Amino acid sequence: MKKTVVIYESKYGSTRCYAQWIAEELTCSLFERKEFNPQDFTKYDVIIYGGGLYAGGVSGIKLITQNWKLLKNKQVVLFTCGLADPEDSGNVSAIRNSLTKILSQEMLEHIHLFHLRGGIDYSRLNLTHKAMMAMLRRMLLKKDTESLSKEDRQLLESYGKCIDFTNRESIRPLTQYVLSVPVSCSK
């Protein structure tokens, strides 16, 4: 039996929600990143890390990058959570392109990636995130209406509101992957 752990960093709650659902589905341990001791990686066969997407980065990803020596012979799964619709191949390409700036080639080849859609509640955003969203809105408003994507329109329509795209069913590919891969994944 594979010993699995889900670790996450969540600023506004969507990533935490997905991490909890994944841990429930896999009946495994769950830790918030700040509560997890990297030396404990040795106790697990499968490491699932989830982090929110912010300005092209993944929240808390240093846990993976700084502890790669402990992880490279484990099954490692990374899930990102953000507003970008993972059904849009352009969004997935942009996320993965950002990850090439953070993860080494070895990590990219070893880590299995999943992208999940979160939500936003403007009333809970910190000042920096509010400013970033306001800037994005201004940029979109300057664009020709015809050139706006469905996602751009959705962002403009929902600006300042609370919108939640979390969906428990969307974790199924991740959990099925984890359950299907044998314990030994050493390279």
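Definitions and cut-offs
Residues numbered from 1 in each chain as written. Predicted model: local features only at pLDDT ≥ 70, side-chain atom pairs only at ≥ 80, totals over all residues. Heavy atoms only, no water. Helix = DSSP H or I, 4+ residues; strand = E, 2+ residues; numbered from the N terminus. Rg over C-alpha atoms; globule rule 2.2 N^0.38 Å. Buried < 20%, exposed > 50% of the residue type's maximum accessible area, 1.4 Å probe, protein only. Contact = heavy atoms within 4.5 Å. Areas by Shrake-Rupley, 256 points an atom, 1.4 Å probe, with all protein chains shown as cover. Lys, Arg positive; Asp, Glu negative; His and termini not counted. Charge placed at Lys NZ, Arg CZ, Asp CG, Glu CD. Arc of directions from axis to C-beta. Polar contact = N/O pair within 3.5 Å; in protein donor to acceptor, adjacent residues only side chain to side chain. Axes fitted to C-alpha atoms, helices over the stretch in contact; angles between N-to-C directions. Parallel < 35°, antiparallel > 145°, perpendicular 65-115°, else oblique. Left-handed = near helix turned anticlockwise from the far one by under 90°. Disulfide = S-S within 2.5 Å. Pairing = 2+ DSSP bridges. Right-handed = clockwise from strand over helix to strand, strands pointing away.

Undergrad: Looking at this structure, how should I read the overall build of the protein?
TA: Assigned secondary structure in the protein consists of eight helices and eight strands. The C-alpha radius of gyration computed for the protein amounts to 17 Å, which stays within 12% of the reference 16 Å derived for 187 residues, consistent with globular compactness. Taking the principal axes of the C-alpha coordinates as reference, the protein spans close to 55 × 30 × 30 Å. Within the protein, the proportion of its 187 residues that are buried is 44%. Restricting the contact set of the protein to residue pairs at least 6 apart, pairs at least 24 apart contribute 77%. For the protein, the accessible area works out to roughly 10,300 Å², and carbon and sulfur atoms hold 50% of it. Averaged over its 26 positive side-chain charges, the protein has a centre that lies 6 Å from the centre of its 20 negative ones.

Undergrad: For this particular structure, what's the right way to read helix α4 (residues 89-99)?
TA: N91, V92, I95, S98 and L99 are the residues of α4 that are buried. Mapping the buried residues of α4 onto a view down its axis gives an arc of 125 degrees, with all of them on the same face. Its buried side turned inward, α4 meets β3 (46-54), β4 (57-58), β5 (75-82), α5 (105-110), β6 (112-117) and α7 (150-158). At the N-terminal boundary of α4, the capping side chain belongs to D88, with an oxygen 2.7 Å from the backbone nitrogen of G90.

Undergrad: When you look at the packing of helix α1 (residues 14-26) against helix α8 (residues 172-180) in this model, what are you seeing that I'm missing?
TA: For any two helices packed against each other, one specifies the inter-axial angle together with the distance between the axes. Axis separation between α1 and α8 bottoms out at 10 Å; the angle between their running directions is 40 degrees. Comparing the axis directions of α1 and α8 gives the class oblique. In this structure, α1 crosses over α8, and the sense of that crossing is right-handed. Note on element contacts: α8 touches α1 through L174, T175, V178 and L179, opposite I22, E25 and L26.

Undergrad: So what exactly am I meant to see when it comes to the state of the cysteines here?
TA: The bond known as a disulfide is covalent and runs between the sulfur atoms of two cysteines. Here the structure, examined in full by the defined rule, presents zero disulfides. No disulfide involves C162; its sulfur sits 12 Å from that of C17, the nearest cysteine.

Undergrad: Whenever I open this one, the environment of L136 confuses me. Can you help?
TA: Examined against the element boundaries, L136 turns out to sit in helix α6 (residues 127-142). Distance from L136 to L156, taken between C-alpha atoms, is 9.4 Å for residues 20 residues apart in sequence.

Undergrad: I tried to follow the pairing of strand β2 (residues 29-32) on my own but got confused; where do I start?
TA: Where a strand is regular, its side chains alternate between the two sheet faces. Strand direction decides the pairing type here: strand β1 (residues 4-9) and β2, joined by four bridges, are parallel. Looking at the pairing, V6 lines up with L30 of β2. One crossover worth recording links β1 to the parallel β2 by way of α1, and it is right-handed.

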